[in-house]
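Each chain is listed here by its residues.
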Amino acid sequence: MAKFPASRATALSAALLATLPLLAQAAPATPPVPPHQKWSFEGPVGQFDQKSLQRGFVVFHEICSSCHGMRSVTYHDLLGIGLSPKAVTDLAHTRQIAGPPDAAGHPTLRPGLPDDHLTSPFPSEAAAAAMMGGVAPPDQSRLAAIQPHGADWLYAFLTGYRMPPPPGAPVVPGKFYNDWADGHLVGMPPPLSDDAVEFPDGTPATAAQQARDVTTFLVWASDPHRNDRHRIGLYVFAYLSGLLLLAIAWKRKIWKRGTLRNAQDTHD
Ligand code: HEC
């Protein structure tokens with residue numbers, strides 16, 4: 001067998017080693033994982049905190065909804081976060097919605113009703129994009145479900161603006177530096193600031209608290225039945241555990257009787 005010259009082998013491994021950094025560069029960079037926050041709704045039995053949901057809705061209603069819609073949610077669905085039927089109707093009424101054209105064919109407006117959806121404030125996606133420097137604000141119904149680390153990413157993103165941007169960061173007019181935005185630049189101006197809203201329950205409205213509560217509300221919007229599902233899951237678990245205990249007790253009883261009889265049999 002021909003001997004492989006040692007010098008060739010060293011040259012080959014040197015060449016391979018030289019390509020390693022290139023390979024590392026070519027591999028797609030995995031997006032950084034946002035820091036984990038503690039959420040009441042996580043885990044198999046987690047439940048949404050109603051107070052946080054209601055504060056989150058205040059943030060959505062007073063800030064986010066001036067640019068974003070939440071099409072999958074109706075005003076009526078807000079009963080699910082503990083708003084009263086009257087509050088829901090009043091809230092819907094504050095909205096002006098396109099109604100059927102009048103007799104002359106002119107467009108009309110009507111007050112919103114509980115069955116109306118939380119639609120975008122812009123008449124169309126194109127109009128939204130034109131008003132917002134080229135990118136339309138995305139619908140918020142499924143925002144929390146689309147992101148791999150939904151809640152943690154939303155919280156990191158909403159608190160991740162840096163003004164001024166760190167030295168050396170690209171500066172693009174109409175774009176804002178955010179640690180957690182794709183390419184660190186986003187077309188949305190920082191939406192949250194301390195005390196921009198007032199919470200009815202008296203919780204201090206820091207920007208971080210608003211981010212936490214609106215994130216909870218966004219996760220609820222993408223999965224409004226989570227509380228019920230988790231509660232039913234607990235009942236089913238308790239029921240099955242009860243059955244298991246009964247089965248164990250029953251088995252013990254039967255086997256005890258069997259052992260006694262066996263003992264008698266051998267005695268006879
Ligand atoms: C002044 C209008 C405006 C307001 C107010 C606003 N947004 Fe936005 N938002 C935008 C625009 C425009 C985009 C698209 C930006 C882009 O993709 O560059 C956006 C994008 C986003 C994104 C997606 C970002 C991404 O990189 O995928 C999230 C999440 C978001 N907004 C959440 C919120 C929340 C939560 C609020 C309320 C606290 C809010 N926004 C308030 C205009 C707004």
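All of these numbers come straight from a predicted model, not from anything done at the bench.

This part takes up the overall build of the chain. Along the backbone of the chain there are 8 helices and 6 strands. Along its sequence from the N terminus, the chain presents helices and strands in the succession α-α-β-α-β-β-β-α-α-α-β-β-α-α. Split into buried and exposed, the 268 residues of the chain put 21% on the buried side. Of the contacts formed within the chain by residues at least 6 apart in sequence, a portion of 61% connects residues at least 24 apart.

This part covers the packing of helix 6 (residues 150–158) against helix 7 (residues 207–222). At a minimum axis separation of 9 Å, helix 6 and helix 7 run at an interaxial angle of 145°. Relative to helix 7, helix 6 is oriented so that their crossing is right-handed. Between helix 6, through Gly150, Ala151, Leu154, Tyr155 and Leu158, and helix 7, the contact on the second element is made entirely by Ala211, Arg212, Thr215, Leu218 and Val219. In terms of residue class, the contact of helix 6 with helix 7 is built from 7 nonpolar, 2 polar and 1 charged.

Attention now goes to the site of the ligand. What surrounds the ligand is a group of 23 residues, the closest being Cys64, Cys67, Pro137, Gly187 and Met188. The greatest single-element share of the shell around the ligand, amounting to 3 residues, is contributed by helix 6.

A word on the nonpolar core. Leu154, Val214, Phe217, Leu218 and Trp220 are the most contacted members of the largest nonpolar core, which totals 31 residues. At the level of elements, helix 2 (50–62), strand 1 (70–74), helix 5 (143–146), helix 6 and helix 7 are the ones that each hand at least two residues to this core. The residues touching Trp220, leaving out its near neighbours within four places in the chain, are Phe48, Leu53 and Ile81.

Conventions adopted
- Residues numbered from 1 in each chain as written.
- Predicted model: local features only at pLDDT ≥ 70, side-chain atom pairs only at ≥ 80, totals over all residues.
- Helix = DSSP H or I, 4+ residues; strand = E, 2+ residues; numbered from the N terminus.
- Buried ≥ 20, exposed ≤ 12 C-beta atoms within 10 Å, placed from the backbone.
- Contact = placed C-beta atoms within 7 Å.
- Axes fitted to C-alpha atoms, helices over the stretch in contact; angles between N-to-C directions.
- Left-handed = near helix turned anticlockwise from the far one by under 90°.
- Nonpolar A, V, L, I, M, F, W, Y, C, P; charged D, E, K, R; others polar.
- Near = placed C-beta within 6 Å.
- Core = buried A, V, L, I, M, F, W, Y, C linked by C-beta atoms within 7 Å.

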